[in-house]
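Take a look at the letters that make up each chain.
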Amino acid sequence: AFQRCMEHGEPYDLELPFTSAKGRRLWIRTTAKAVTAENRIVRVVGNIMDITQLKEAEQNYETLFREMLNGFALHEILCDGEGKPVDYRFLAVNPAFEEMTGLNASDLLGKTVLEVFPGTESRWIEIYGNVALSGKPAFFEDYSGELKKHFEVTAFRPSVNQFACIFADITERKRAEEERRKLQA
């Protein structure tokens, strides 16, 4: 990359693993661009940054996202012309989401909930819309008629007009509670 920058003026921005003289494994980001004078390259200006902590944080996040037992989904809220939430789009889901819902990320990402589940109860959109627009988190239990399951949900806003939810399937617990109520009656 440096040679191409020197000879042809091609800038670069690379992230690379690097082992220090003391044997420590690092990640570096190196960037460079050519400086020209009179239509010829006279020098290359660049920098090198240690991005090891950033890479470790990214890897930790990816591991948590992939391995957590609770379902996780990131969404974008969609509003009508008056600012009322009317739908939401799937931006990311983890493997536990796929397992609990029986849905594949490849079939969801970029689509709206009403495209995937046309019968979605409006209260889900209202709750999530409030979280995405107000920034106030929500914790609740509810039944999804589309999935025929009960869920315990924590929803929060990671950025404006988005909401993330972490959820657990509590269907079996709800069935056991109902059976216990029937036996006590």
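Everything that follows concerns the structure shown earlier in this document.
Residues numbered from 1 in each chain as written. Predicted model: local features only at pLDDT ≥ 70, side-chain atom pairs only at ≥ 80, totals over all residues. Heavy atoms only, no water.

Caption draft 1: Looking closely at the sheet that holds strand β6 (residues 138-144). Pairing within the open sheet is antiparallel, and its five strands lie in the order β5-β4-β8-β7-β6. Single-partner strands in this sheet number two, and they are β5 (85-93) and β6. Shown here is a sheet whose adjacent strand axes are inclined to one another by a mean of 35°, direction ignored. Contacting β4 (71-79), β5, β6, β7 (149-156) and β8 (162-169), helix α6 (residues 122-134) runs over the sheet at an angle of about 160° to β6. Here helix α7 (residues 171-184) sits on the sheet in contact with β6, β7 and β8, set at roughly 125° to β7. (Pairing = 2+ DSSP bridges. Helix = DSSP H or I, 4+ residues; strand = E, 2+ residues; numbered from the N terminus. Axes fitted to C-alpha atoms, helices over the stretch in contact; angles between N-to-C directions. Contact = heavy atoms within 4.5 Å.)

Caption draft 2: A look at the side chain of Thr-31. Structurally, Thr-31 can be placed in strand β2 (residues 25-37). With relative accessibility at 18%, the residue Thr-31 sits in the buried group. (Buried < 20%, exposed > 50% of the residue type's maximum accessible area, 1.4 Å probe, protein only.)

Caption draft 3: Inspection of the sheet that holds strand β3 (residues 40-50) at higher detail. Pairing is antiparallel across the open sheet formed by three strands, whose spatial order is β1-β2-β3. With partners counted over all chains shown, the strands left at the sheet margins are β1 (12-19) and β3, one partner each. The sheet shows a mean angle of 25° between the axes of neighbouring strands, taken without regard to direction. Alignment of β1 against β2, held across eight bridges, turns out to be antiparallel. Its bridge partner lying in β2, Pro-17 is registered against Trp-27.

Caption draft 4: Here's a closer look at the nonpolar core. Membership of the largest hydrophobic core comes to 27 residues, with the highest contact counts inside it found for Phe-97, Tyr-128 and Val-153. Secondary-structure elements contributing two or more residues to this core are β4, β5, α3 (95-101), α4 (105-108), α6, β6, β7 and β8. The element that contributes the greatest number of residues to this core is α6, accounting for five residues. Filtering out sequence-adjacent residues up to four positions away, Tyr-128 remains in contact with Ile-77, Tyr-88, Phe-140, Val-153, Ala-155, Phe-163 and Cys-165. (Core = buried A, V, L, I, M, F, W, Y, C linked by side-chain atoms within 4.5 Å.)

Caption draft 5: Representation of unusual backbone geometry in the model. One non-glycine residue, Glu-38, adopts positive backbone phi at about 55°. Here Glu-38 is to be found in the loop between β2 and β3. With relative accessibility at 78%, the residue Glu-38 sits in the exposed group. The residue Lys-148 is not glycine, and still its phi comes out positive at about 55°. Since its relative accessible area comes to 56%, Lys-148 is described here as exposed.

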